[in-house]
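# Understanding the architecture of this molecule
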Amino acid sequence: MHAYDTVELIRLKRDGGRFTADQARWLIAAYTTGEIADEQMSALAMAVFFTGMADEELAAWTQAIIDSGERLDFSRLGRPTADKHSTGGVGDKITLPLAPLVAACGVAVPQLSGRGLGHTGGTLDKLESIPGWRASLTNAEMYAQLESVGAVICAAGSGLAPADKKLYALRDVTGTVESIPLIASSIMGKKIAEGTGALVLDVKTGSGAFMKEEESARRLAETMVRLGTAAGVTTVALLTDMDTPLGRTAGNALEVGEAVEVLAGGGPADVVELTLALAREMVQAAGVDADPADVLASGRAMDAWRRMIAAQGGDPAAPLPVARHQQVLTATSKGTITRIDAWEVGLAAWRLGAGRARKEDPVQAAAGVELHVSVGDTVRAGQPLLTLHTDTPDRMARGEEAARRAITIGGTGTRRPLILDRIS
Ligand code: URA
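On to the overall build of the protein, then. Looking only at helices and strands, the protein has 16 helices and 13 strands in total. Against the compact-globule benchmark of 22 Å for 424 residues, the protein has a radius of gyration of 22 Å, which places it among compact chains. Seen through its C-alpha atoms, the protein measures out along the principal axes to roughly 70 × 45 × 35 Å. The 424 residues of the protein split such that 56% are buried. Charge centroids of the protein, computed over 43 positive and 52 negative side chains, lie 3 Å from each other.

This part is about the site of the ligand. Y168, R171, I183, S186, I187, K190 and F210 make up every residue found near the ligand. Separating a nitrogen atom of the ligand from a side-chain N or O atom of S186 is a distance of 2.6 Å. Interatomic distance of 2.6 Å between a side-chain N/O atom of K190 and an oxygen atom of the ligand. Protein burial of the ligand: of its 230 Å² of free accessible surface, 88% is covered by the chains. Listing elements by their share of the shell around the ligand, those giving two or more residues are α8 (162–172) and α9 (180–193).

A positive phi is found at A161, a non-glycine position, where the angle reads about 45 degrees. As for its position among the elements, A161 is in the loop between β3 (151–155) and α8. With relative accessibility at 1%, the residue A161 sits in the buried group.

Right, let's get into the packing of helix α15 (residues 342–354) against helix α16 (residues 396–406). In the contact formed by α15 and α16, the axes pass within 8 Å of each other and the chain directions differ by 170 degrees. By the angle between their directions, the pair α15 and α16 is classed as roughly antiparallel. Within the contact between the two elements, α15 uses E344, V345, L347, A348, R351 and L352 and α16 uses M396, R398, G399, E401, A402, A403, R405 and A406. Of the residues assigned to the contact of α15 with α16, the class counts are 8 nonpolar, 1 polar and 5 charged.

Definitions and cut-offs
- Residues numbered from 1 in each chain as written.
- Predicted model: local features only at pLDDT ≥ 70, side-chain atom pairs only at ≥ 80, totals over all residues.
- Heavy atoms only, no water.
- Helix = DSSP H or I, 4+ residues; strand = E, 2+ residues; numbered from the N terminus.
- Rg over C-alpha atoms; globule rule 2.2 N^0.38 Å.
- Buried < 20%, exposed > 50% of the residue type's maximum accessible area, 1.4 Å probe, protein only.
- Lys, Arg positive; Asp, Glu negative; His and termini not counted.
- Charge placed at Lys NZ, Arg CZ, Asp CG, Glu CD.
- Near = heavy atom within 4 Å.
- Polar contact = N/O pair within 3.5 Å; in protein donor to acceptor, adjacent residues only side chain to side chain.
- Areas by Shrake-Rupley, 256 points an atom, 1.4 Å probe, with all protein chains shown as cover.
- Axes fitted to C-alpha atoms, helices over the stretch in contact; angles between N-to-C directions.
- Parallel < 35°, antiparallel > 145°, perpendicular 65-115°, else oblique.
- Contact = heavy atoms within 4.5 Å.
- Nonpolar A, V, L, I, M, F, W, Y, C, P; charged D, E, K, R; others polar.

Right, here's the structure in full:
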């Protein structure tokens, strides 16, 4: 590969120029090997933050992220594959019922997930609240589980998109995460390397999402759909509301409990609606003719869940951990619930111990927030609004402070539609 002068390329991007495909490839390859220093890549990421990237350079940049590591291949599985990625939200436990549901529809789901950082929980943290369950699988174990169960949710191995691991860690400490081209290439680089045939994106917008504005979320969704499609992966995005938390729980074991309710045919209406909408998209993108609502009602998704958990050492029948301390918050006045703010609920759950401040911090399996009301409900003074759960009582006051701010009782309240748009 041709070598370039890094400072020249930083200046080019700073001044609003475009990298050639070769320059974009070189930058990622040279940063991965350490030839480009962190301080240079920091400046470059900030320049991209301010001046953006055109489609062609972004496609080359993303391809270079994919090429920095291994690419999984499920083409010999004998079944089509589909995966889902959510940009993250409060109470977003959808992956848990979705993966076994889609597997029960006849589509294999290789779901590589992460741990939570900040106010949104990670899927692996949630599943680790199930006694015995383990997140790390070898590629051979993952492949075998896809053949036997049809669904696997596990940690991404270190061989997948190493350029992104390095770049994401750098962006995290240099204020350069919130850039549409950098987010899109980071997510799509990993998802394409994972080898899925179809990909459905759940791009969230609202107070509890990291794209607060609908317009930016839409641009992110469109950019990711273009990148996936150009790489030969059937890609569809749903733009969904994250002003209000999903479902009635935020916190690891609490969310697993809610996911199991959905698999058993119950659960909150919004969680069921989004699970079915994403399942329909995945099944359709994979070219399989099945109705996820029928499959859910038949109990086959629950069977797939039990097998998926057991295959990774978990006991699906074991009781989930319960927090040692619980506190109920009640309404101070009567009225209608006009708002349940996702950001504040996420913050409360995080302060109670459900999330981590640094990558290496442990999380409490049982900590979190359980909501007893929905937007639009009328309440009387003294009625329970939510329960706070934690193992460490000194966390309770700070959790309560955020939880109190989360709920607004006023005149009239309605929630905007959960699914705002579909982008393909
Ligand atoms: N998630 C990712 O994987 N990458 C980003 O850049 C942002 C969110």
